[in-house]
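Architecture and fold: a report
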Amino acid sequence: MNAEKTLAIRAIIRKARRYDLLVALLGMLALSIGIFTLAALFIDMALTGIPRLNAEFFTNFPSRRPAEAGILSSWVGSVLVMSVTALVAVPLGIAGAIYLEEYARKNWVTDVIEINITNLAGVPSIIYGLLALGLFVYTFKLGQSILTAGLTLALLILPIVITATREALRSIPQHIREAAYACGASQWQVVQHHLVKYATPGILTGVIIGMSRAIGETAPIITIGALTFIAFLPPAPGQMNIETGQAAGLFDWLWSPFTVMPIQIFNWTSRPDPRFHENAAAAAFVLVLMTLSMNAIAIWLRYRLRKNIKW
Amino acid sequence: QVVKIDGSSTVFPITEGVAEDFQKTKKGAVKVTVGISGTGGGFKKFCRGETDISNASRPILAKEMADCKAAGIEYYELPIAFDALTVVINPKNAWLKQITVAELKAIWEPAAQGKITRWKQVNPAWPDQPIKLFGAGADSGTFDYFTEAINGKTKASRGDFTASEDDNVLVQGISSDVNAIGYFGYAYYAENTAKLKALPVVNPKGQAVAPAEATVLNGSYEPLSRPIFIYVNAKSIAKPEVKEYVEYMMKNSAKIAKEVKYVPLPAKAYTLGLEHLNKGKKGTVFGGKNEVGVTIEELMTREAAL
Amino acid sequence: MPSTITLPQNPPPLKAESKNLDFYYGDFKALKGINMPVYENKVTALIGPSGCGKSTFLRCFNRMHDLYAGHRYDGSIHLYPDEVDVLHKNVDPIEVRMRISMVFQKPNPFPKSIFENVAYGLKVRGEKNRSVLEDKVEAALKGAAIWNEVKDRLDDLAVNLSGGQQQRLCIARALATDPEIILFDEPTSALDPIATGAIEELVGEIKHKVSVLIVTHNMQQAARVSDFTAYMYLGELMEFGETNDIFMKPKRKETEDYITGRFG
Amino acid sequence: MPSTITLPQNPPPLKAESKNLDFYYGDFKALKGINMPVYENKVTALIGPSGCGKSTFLRCFNRMHDLYAGHRYDGSIHLYPDEVDVLHKNVDPIEVRMRISMVFQKPNPFPKSIFENVAYGLKVRGEKNRSVLEDKVEAALKGAAIWNEVKDRLDDLAVNLSGGQQQRLCIARALATDPEIILFDEPTSALDPIATGAIEELVGEIKHKVSVLIVTHNMQQAARVSDFTAYMYLGELMEFGETNDIFMKPKRKETEDYITGRFG
Amino acid sequence: MAVAPFDNPAPAGVSLRGEARMAELARAKLARQRRERLIEAILFLAASVSVLTTLGIVYILVRESISFFAAVPIWDFLTDTQWTPLFDDAHFGIMVLMSGTLSSSLVALCVAIPLGTIIAIYLSEFAGHKTRETLKPLLELLSGVPTIIYGFFALLVVTPMLQKIFPELPGFNILSAGLVMGVMIIPYVASLSEDAMRAVPMSLREGAYAMGSTRFQTAVKVVVPAAFSGIAAAYILGISRAVGETMILAVAAGMQPNLTLNPMESASTITSFIVQVALGDLPHGSIGYQTIFAAGLSLMLLTLCFNLLGYWLRKKYREAY
Ligand SMILES: Nc1ncnc2c1ncn2[C@@H]1O[C@H](COP(=O)(O)OP(=O)(O)OP(=O)(O)O)[C@@H](O)[C@H]1O
Ligand SMILES: Nc1ncnc2c1ncn2[C@@H]1O[C@H](COP(=O)(O)OP(=O)(O)OP(=O)(O)O)[C@@H](O)[C@H]1O
Ligand SMILES: [Mg+2]
Ligand SMILES: [Mg+2]
Ligand SMILES: O=P([O-])([O-])[O-]
């Protein structure tokens, strides 16, 4: 190759490489905007909220006196609502995904279900709130209860769980299925002995991501009408009522009025007394910490569990 | 053992305080839930029998009375405090020292929608700057009371303003905009005196009066002083926990009202309320009208006459 | 074109036989009227250029195609002595697969322990007794000539074995259930020469108790391990006969061309 | 073990030469001290069992390994006549790739039109003139013996072509930029026999204007298309020489074993 | 011979042959199939829950909307320029809320799409493995923060900052809410686009590099077109999120029904209207109650259009490589 041509090519390369630099810089800039926002959000909350974080904050009910107010009823409410959500969404989601990925024949019914799930994933959460209001609260008369909230959020995260499970199932290579079938396994045995097991890390990540979304959802919960002052805990199974002497049933708590963290935060920020805003920041800090740690667990699981599963 | 309370956000701080203390004295044996649906929303639930007690920042209206009647629901009306509905502006606002009802009407009447958008249009002495409006949401008693008092008709208002059931949203909005004007309960102003300025309103006697406990008590803050109530379902009172709660409330409202920056009624008002309860004197003394400008004395005489 | 089939003088007992077997991937006819015997305790090699249908044919024997929609069989494969037609719609493919094992091209152990891999076929068959499992796993691993390498780490993950070990593990897995036939689909194509040698040796040993069908693209391998050879081309069985005959004096020009490497 | 290298009597001009080339995938040394000439306008075939390092060696020539972290070269590959060491860290890999094209195992046309695929390399080199592009694309497609099949649908998506056509398109793409060397990594292993024949023929033609390095696992193919053959084993170059010699009278026992199919 | 399977008759080496044996096998198959069918039916029911959810949503929205449209002519709903459904002089012009929804979504997308795309390109084509594996999860955390917290962040931190630049800016405005919403959506766009780009086979990238392309050329000319359907799907999801986001707008955008597309003003969106009403009472059966369902139906239709567009794009351009 002659020298002249070489020089020409070098010039072209140099020009082309300028864009490389540009995109790399822009990419890092864009990333830092995102990460900077996250940091700003977090630091802002931490600075206002941390002074309020002490043991009483977690063991006190809300109160009109900001210094005595705590998040006991709301964190317990969040935990209970999340449990209902998980208990409903996880089995339903996994079973649905298994059906779609492993059993469904390619026909219009499957197509409808698929389009429907993609579509549901994009339906705004407030619409789920309306569904819950119209269906659970007024038609099924479940009231503004833990059960209603749990079911609503379960429906909300169902598409997330299904999609994650399907992804996980799809990433199991076909040759593993073939190996199992070749050993004489029936379809259900293949699902049970292999697919569900190998998909667990993916399913767990999906579930946790769904849950960390659900725990921060405010709009649908407001819509079912749960913006309320609650300074008591739902009845624990078997708990005695001092006045009536009756023990609470095993599932009474499902029908109990409740509040959750985001609602408590919303409530406090709408108070006139600015000291409540510190409470709100502290509660928000706790909530963000909860979701972040859930996300962190998801990421950790993704790395840990997958280690033992390779093909 | 749940006492269900819902309704006015204005009354909420008092009810919440009572509920908190009451639950403490009962050591958790009685549970009290307090919702914030606004006065109108509260009455809708109340008249469906979904709640035991409804908080209200205005008297029950004829339509609501009809609803309750249709559902066979009778109630006790118990005034618990007075509030000064406060007109607030941004502290940097230099051109407003006071305001008349007529000026407020010019700003807020339905006909002003889309037309009255600059201060100058209301009063030529005011600057040629946009008006930013903040007000209570449509389900609130505050909205009903304000529209009745200013525009002469309940719920008659222009629509292009920032409306919120959440008064703190309004505080935020007004405190961050020189051109803002809005209204809400006195308590929200009292907690934010650094960020807001309360505008003296010219009363029917022609005096510009600022909202304060004293001006409410002496009846000079007019027409925006208003009594606030709880309404108790007559059937619910048969439940011991509800009765106990209401009695507790009557005994402690004065203390808590003061604590959360409301004007407590004279002690007699509370005993009178309890008396009504014990004697089964049900119903309202307002006849379904959203009356404005009722002073404490007037209220007391009416209650006594029930 | 009819296949050229040369049966041996004294044919050994039949283990299976495909009769007029057609196979369709949707509309595409991948196998065309295949008639071929499989003899008991013999190794039959399937050779032919890429895409000629070797794998397709092999996977008919254990109804692997049933896993996919649109795959269709026509004709029959009879299994002896009980004369069951494995392709018959009344026959449960799972039943077939319990009698006919398969070893795949790429070693595909489950991401479980070595023990669990080999025991899997037994578990599917309902065997729960731990000591029976242990005995059979050991026997299978010995049969697959990998016992010595793994006996101290039966609880390790199978995927951490080397490729050749994995493939022998898969053979052990297939052996553990005492199948009547084992199908091999290019079992050494992903392996190095040493591992390949080990597998070939193994095939030579297991044929004493089981009939073997093996697909290979390596003619030397076919020559080394098989007793009978079938040459396929474009979905047809071109020639079938004893391995020595096919490689030394093929009856058909096409076979000879292929074997001498004139194409493919 | 030193490689057995037999240079021809009258060697053609050198196009490239690897000197003491080592290559590491992280800690794993995949190539060990490779010394090998590449002659101008000749076809050099790389053969050897799977995993011996053929692809690894080939991909050193156009610095493909630079795309992955942890891959490391040691030694040099000089390009003649200007004696540039393509592995030198001061040499821009992009410049190297502009001189040395590559055709991959699996056809990998871009998801663009046929025309855009072939014109891609020219556009990257800054060519914007439409008529120049059209001429060069036509020439390249003709050179890859696919012009007649696609000339009426240059704007169709390339992915809609058949496998063999796609591979010829990829060859046209590689040819369009007038490279000095073309690297082929098992270019026919995903193709049917007819497409394979077409590609082999093509290689025979293009070598008149470009040097060719081709990896193949098919010894017959190596024998058919190449002038020189290199036999690799476990990362080492075992033997290099004229193709006829390697296949007829290999100097080393290992080479002979491999060629006669005793393993692999 | 083979170990006896747990519930099938013993296979080979048994007395039965030919027809009899086949009949026996047919029975065994039937028994097994029945069990598998039952399992399948249960799984199918689980999968149909999603369809039931949609049907439930549609049923509820349509049922209430029908009563709504009995009271409010649909023409007024579409053309009125005022939105005061709960006032004495009620107006029901959905355009007012639509304009808020559109302008806030537009602001958010102007942030999320360019930034998300460039981040995706950077992570997938430029960043090293380590960088990607640490930064991507970190970025994804952004989407895990409850949106109500973003709302107060917008109101209390971003708006005051913006007011330093635009002193005219009201305390509640679309701009600040939209910007924060955009940042919240970045991870959806970036992460899904990055997944789509990752899924482009390495062989395609190698093809491009082998032609002498730079990273930029490879990314823009080969990887992005090849991943187009996935990237489009990511954008669509971003749009759905923006259109459906509620709390950020409810808190920071002012809830003022305002027919304007100017982001420097405060406005109410469909979603913020719904929560606003929900914060008050939901007077079952009243026109106010039905209004939120009519608004919800409009929102649902809007997102449905986008989602169908996304589905269609994915179908049409699937696996271009
Ligand atoms: N799942 C499938 N769908 C459609 N056609 C298929 C499928 N699998 C294989 N084919 C086609 O069927 C024919 C036979 O394929 P098969 O895999 O049996 O060939 P083979 O002889 O095993 O080749 P190889 O040596 O490459 O494995 C080929 O033309 C192939 O393209
Ligand atoms: N990316 C990689 N990382 C680590 N090791 C690798 C990588 N790619 C290849 N190797 C190893 O390097 C050695 C040579 O691989 P290479 O792909 O060059 O073999 P090959 O001769 O081309 O084989 P084949 O015929 O199977 O393509 C093998 O042992 C392989 O396992
Ligand atoms: Mg095959
Ligand atoms: Mg290779
Ligand atoms: O919440 P209100 O008191 O205004 O009804």
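Per an unreviewed UniProt entry, chain C is named Phosphate transport system ATP-binding protein, and its organism is Inhella inkyongensis.

What follows concerns the overall build of chain C. Each helix and strand counted, chain C has ten helices and eleven strands in total. Against the globule reference of 18 Å for 264 residues, chain C gives a C-alpha radius of gyration of 18 Å, in line with a compact fold. Referenced to the eigenvectors of the C-alpha coordinate spread, the extents of chain C come out at roughly 55 × 45 × 35 Å. Looking at the 264 residues of chain C, the share that counts as buried comes to 61%. Here the contacts in chain C between residues at least 6 apart in sequence split such that 69% fall between residues at least 24 apart. As displayed, chain C has an accessible area near 10000 Å², and 48% of this comes from carbon and sulfur atoms. The centroid of the 32 positive side-chain charges in chain C is displaced by 2 Å from the centroid of its 36 negative side-chain charges.

Right, let's talk about the overall build of chain B for a bit. Scanning chain B from N- to C-terminus turns up twelve helices and 13 strands. A compact globule built from 306 residues would reach a C-alpha radius of gyration of about 19 Å, and chain B, at 19 Å, matches this within 12%. Considered along the principal axes of its C-alpha atoms, chain B spans approximately 60 × 35 × 30 Å. In chain B, which comprises 306 residues, the proportion classed as buried is 66%. For chain B, the proportion of contacts with a sequence separation of at least 24, taken over those separated by at least 6, is 75%. Of the roughly 10200 Å² of accessible surface on chain B, a fraction of 56% belongs to carbon and sulfur atoms. Chain B carries 38 positive and 34 negative side-chain charges, and their two centres are separated by 1 Å.

Another point: a nonpolar patch on the surface. Residue and element names in this part refer to chain A. There is a patch of nonpolar side chains on the surface, built from Tyr19, Leu22, Leu26, Leu29 and Ile33 and spanning about 460 Å² of accessible area. Mapped onto the fold, Leu26 is located in helix H1 (residues 3-49). Classification of Leu26 as partly exposed rests on a relative accessible area of 38%.

Turning next to the state of the cysteines. Applying the stated criterion across every chain yields a total of one disulfide over all chains. The disulfide partner of Cys47 of chain B is Cys68 of chain B, and the S-S distance across this bridge is 2.0 Å. Note on the Cys47 of chain B and Cys68 of chain B pair: the S-S dihedral is about -70°, so by sign convention the disulfide is left-handed. Placement of the pair is Cys47 of chain B in the loop between helix H2 (38-46) and strand E3 (53-56) and Cys68 of chain B in helix H3 (residues 62-70), with a sequence separation of 21 residues. For Cys47 of chain B, a relative accessible area of 6% translates into the label buried. Cys52 of chain C takes part in no disulfide bond, and the closest cysteine sulfur, belonging to Cys60 of chain C, lies 13 Å away.

Taken from the UniProt record, the annotation "domain: ABC transporter" (unreviewed entry) applies to residues 16-259 of chain C. The span residues 16-259 of chain C carries 37% helix and 27% strand; its end-to-end C-alpha distance comes to 26 Å.

As a general point, the strands of a sheet are linked pairwise by backbone hydrogen bonds and lie either parallel or antiparallel. Residue and element names in this part refer to chain B. Ordered by their spatial adjacency, five strands build an open sheet running E7-E6-E8-E5-E9, and the pairing between neighbours is mixed. Edge positions in the sheet fall to strand E7 (162-164) and strand E9 (197-198), since each has one partner strand and no second. Note: strand E6 (residues 132-136) against strand E8 (residues 180-184), three bridges, orientation parallel. The residue bridging Phe134 from the neighbouring strand is Gly182, located in E8. Contacts from helix H4 (residues 101-108) reach strand E5 (86-89), E6 and E8, with the element oriented near 95° to E6. Across the sheet, helix H6 (residues 141-151) lies against E5, E6 and E8, angled at about 110° from E8, the strand it touches most.

A separate point is the site of ligand 2. Residues and elements named next belong to chain D. Taken together, Tyr25, Phe28, Ala30, Pro49, Ser50, Gly51, Cys52, Gly53, Lys54, Ser55, Thr56 and Glu186 make up the full set of residues adjacent to ligand 2. Note that a nitrogen atom of ligand 2 is positioned 3.4 Å from one of the side-chain N or O atoms of Tyr25. In terms of residue count, the dominant contributor to the shell around ligand 2 is helix H1 (residues 54-61) (three residues). Class assignment for the residues of the shell around ligand 2 results in five nonpolar, five polar and two charged.

On to the packing of helix H1 (residues 18-71) of chain E against helix H12 (residues 287-317) of chain E, then. Residues and elements named next belong to chain E. At their nearest, the axes of H1 and H12 sit 8 Å apart, and the two run at 120° to each other. In terms of their interaxial angle, H1 and H12 are classed as oblique. When the axes of H1 and H12 are compared, the crossing they make is left-handed. Within the contact between the two elements, H1 uses Ile57, Ile60, Leu61, Val62, Glu64, Ser65, Ser67, Phe68 and Ala71 and H12 uses Ile287, Tyr289, Gln290, Thr291, Phe293, Ala294, Gly296, Leu297 and Met300. Looking at the contact of H1 with H12 residue by residue, the class counts come to twelve nonpolar, five polar and one charged.

The next point concerns the packing of aromatic side chains. In the structure shown here, the tally under the stated rule is 44 aromatic pairs over all chains. On the numbers, 6.0 Å between centres and 50° between planes, the contact of Phe229 of chain B with Tyr231 of chain B is tilted. With a relative accessible area of 0%, Phe229 of chain B lands in the buried category. Given a relative accessible area of 0%, Tyr231 of chain B falls into the buried group. Ring plane angle 65° and centroid distance 5.4 Å describe the contact between Phe23 of chain D and Tyr73 of chain D, whose orientation is recorded as edge-to-face. In this pair, Phe23 of chain D sits in strand E2 (residues 14-25) while Tyr73 of chain D sits in strand E5 (residues 71-79), placing the two residues 50 residues apart along the sequence.

Let us look at the pattern of salt bridges. One pass over the structure, following the stated rule, counts 73 salt bridges over all chains. Of the charged contacts in the structure, one is a salt bridge between Arg10 of chain A and Glu95 of chain D, with a shortest N-O distance of 2.7 Å. Taken as a pair, Arg10 of chain A in helix H1 and Glu95 of chain D in helix H2 (residues 93-99) lie in two separate chains rather than in one. Using a relative accessible area of 8% as the deciding quantity, one classes Glu95 of chain D as buried. The partner of Lys136 of chain E in a salt bridge is Asp195 of chain E, and the shortest N-O contact between them spans 2.6 Å. Of this pair, Lys136 of chain E sits in helix H4 (residues 129-141) while Asp195 of chain E sits in helix H6 (residues 174-198), placing them 59 residues apart in sequence. Linked by salt bridges that have partners in common, Arg64, Arg65 and Glu68 of chain A together with Glu20, Asp21, Lys24 and Glu259 of chain B make up one network.

The rules behind the values
Residues numbered from 1 in each chain as written. Chains lettered and ligands numbered in written order. Predicted model: local features only at pLDDT ≥ 70, side-chain atom pairs only at ≥ 80, totals over all residues. Heavy atoms only, no water. Helix = DSSP H or I, 4+ residues; strand = E, 2+ residues; numbered from the N terminus. Rg over C-alpha atoms; globule rule 2.2 N^0.38 Å. Buried < 20%, exposed > 50% of the residue type's maximum accessible area, 1.4 Å probe, protein only. Contact = heavy atoms within 4.5 Å. Areas by Shrake-Rupley, 256 points an atom, 1.4 Å probe, with all protein chains shown as cover. Lys, Arg positive; Asp, Glu negative; His and termini not counted. Charge placed at Lys NZ, Arg CZ, Asp CG, Glu CD. Patch = residues over 30% accessible without salt bridge, like charges linked within 9 Å, V, L, I, M, F, W, Y side chains within 5 Å. Salt bridge = Lys/Arg side-chain N within 4 Å of Asp/Glu carboxyl O. Disulfide = S-S within 2.5 Å. UniProt positions renumbered as here; feature names shortened; annotations may be inferred. Pairing = 2+ DSSP bridges. Axes fitted to C-alpha atoms, helices over the stretch in contact; angles between N-to-C directions. Near = heavy atom within 4 Å. Polar contact = N/O pair within 3.5 Å; in protein donor to acceptor, adjacent residues only side chain to side chain. Nonpolar A, V, L, I, M, F, W, Y, C, P; charged D, E, K, R; others polar. Parallel < 35°, antiparallel > 145°, perpendicular 65-115°, else oblique. Left-handed = near helix turned anticlockwise from the far one by under 90°. Phe/Tyr/Trp six-rings, centres within 6.5 Å; stacked < 30°, edge-to-face > 60°.

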